Amino acid sequence: MAFSSCTFTATLRTPLTPLPSLRRSPPHTTLISQFIVTKPLRCSLRLNSSSTIGVNPKKFECKASSSMAETTTEKGKGKVQVFDTEDELAVSLAKYIADLSDKYSKERGFFTVVLSGGSLIKSLRKLAEPPYIDSVDWKKWYVFWVDERVVPTHHEDSNYKLALDGFLSKVPIRSGQIFAIYDGLLAKDAADVYETYLEQLVEITIIDISEATGLPKFDLMLLGMGPDGHVASLFPGHPLVQATKPLVAFLKDSPKPPLRRITFTFPVINSSANIALVVAGASKADAVNVALGNGQSSDLLPVQMVSPEGELTWFLDKEAASKL
Ligand SMILES: O=C(O)[C@H](O)[C@@H](O)[C@H](O)[C@H](O)COP(=O)(O)O
């Protein structure tokens, strides 16, 4: 990468605190030798007799659930929770995140969280309310983005602005621990700088490292999914879906506007300790059915490639699950 340390610190967003003592680490070129191709997700839903969701019990087995959700787990394939309403989904999501925050804050002294854009941010609203606003150890949080649109951070399309307005401005996370993708550079340069920044944070152990891949291992990645099954800015049929490097890539041809975006690629997404896929609304039902049910697609949907080193948990509302 063509950045001196001096350029690197100068490229940080103004609200952020630079880490001037950091030295640049070598790139991950020796660490990513091969992309681990993941199998499509399959799950087995278990429904009780009082279930109101539209799942065909012939396709799925049923088992005990929490009071608000139908919960399914199949070893290695993820946990699937279906909620009657998006509000119930948001309540459960807040508890899930708060529990992980507690675990990693105690175990590691840090909690690294990756956000996406879209409706996910609204679904985080319960974290900014009691009891979590008071009980979560917010000073341990370090926040990142899985993707960003190449627009100024005050632009309506900015994922940073979306998260700031909808979530981050309502919780006491230190501004120096919020790592936006820098908007003042060419897209490729901004992607390179962000990747270098991740390397720096791995070096000082704020971001964990995957023993399996040698890549940054985030404690929690919160992903939304588009109706076409895209996650992050990895779209069906796009070459970046199969990319093994860089860890942070740019594209100029996003099928979803805006065209120019920056995105993590699957090797780093799948090195995560935990991934939550948060999906609500009927427009997502077909893609959910391809990923979790018997639905067919001529393309491998990007969401089918989400397979973290750790735990995968789906948060679905009943509309998104309606074709299962
Ligand atoms: O920048 C983006 O566009 C997002 O990061 C993107 O990956 C988003 O998460 C999905 O498109 C789902 O968005 P919705 O939940 O709004 O459908």
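Residues numbered from 1 in each chain as written. Predicted model: local features only at pLDDT ≥ 70, side-chain atom pairs only at ≥ 80, totals over all residues.

**Q** Which parts of the structure should I look at to understand the overall build of the protein?
**A** Helix and strand counts for the protein stand at 7 helices and 12 strands. Counting every position in the protein, which comprises 324 residues, the buried fraction comes to 49%. Sequence separation of at least 24 residues holds for 74% of the intrachain contacts in the protein that already meet a minimum separation of 6. (Helix = DSSP H or I, 4+ residues; strand = E, 2+ residues; numbered from the N terminus. Buried ≥ 20, exposed ≤ 12 C-beta atoms within 10 Å, placed from the backbone. Contact = placed C-beta atoms within 7 Å.)

**Q** Sorry if this is basic, but what is going on with the site of the ligand here?
**A** Within the structure, the ligand sits among 16 residues, and S116, G117, G118, S119 and G224 are positioned closest to it. Per-class residue counts for the shell around the ligand are 4 nonpolar, 9 polar and 3 charged. (Near = placed C-beta within 6 Å. Nonpolar A, V, L, I, M, F, W, Y, C, P; charged D, E, K, R; others polar.)

**Q** Explanation requested: the confidence of the model for the protein in the structure shown.
**A** Should pLDDT be low for a region, the predicted coordinates there are not to be read in detail. Counting all residues, the mean pLDDT for the protein is 81, and 77% of those residues have values of 70 or more. The low-confidence segment residues 1–67 (pLDDT under 50) makes 108 contacts with residues lying over four places distant or belonging to another chain. (pLDDT = per-residue confidence, 0-100.)

**Q** Just to check I follow, could you spell out the sheet that holds strand β10 (residues 261–264) for this structure?
**A** Backbone hydrogen bonds hold the strands of a sheet together, and the pairing may be parallel or antiparallel. The 3 strands lie next to each other as β5-β10-β9, forming an open sheet whose pairing is antiparallel. Where the open sheet ends on each side, the last strands, each with one partner, are β5 (147–149) and β9 (248–251). Strand-to-strand twist in this sheet, taken as the mean axis angle between neighbours without regard to direction, amounts to 15 degrees. In this sheet, β10 lies alongside β9 in antiparallel orientation, the contact comprising 4 bridges. Across the sheet, F250 pairs through a bridge with I262, a residue of β10. Packing against the sheet, helix α5 (residues 187–203) makes contact with β9 and β10, and its axis sits at approximately 170 degrees to β9. (Pairing = 2+ DSSP bridges. Axes fitted to C-alpha atoms, helices over the stretch in contact; angles between N-to-C directions.)

**Q** Would you mind going over unusual backbone geometry with me for this structure?
**A** Across the chain, the bulk of peptide bonds are trans and the bulk of non-glycine residues have phi less than zero. The residue after P130, namely P131, is reached through a cis peptide bond having omega 0 degrees. For P131, the position within the fold is in the loop between β3 (111–115) and α3 (132–135). P257 connects to P258 through a cis peptide bond whose omega is -5 degrees. Along the chain, P258 turns up in the loop between β9 and β10. Non-glycine residue T205 carries a positive phi angle of around 65 degrees.

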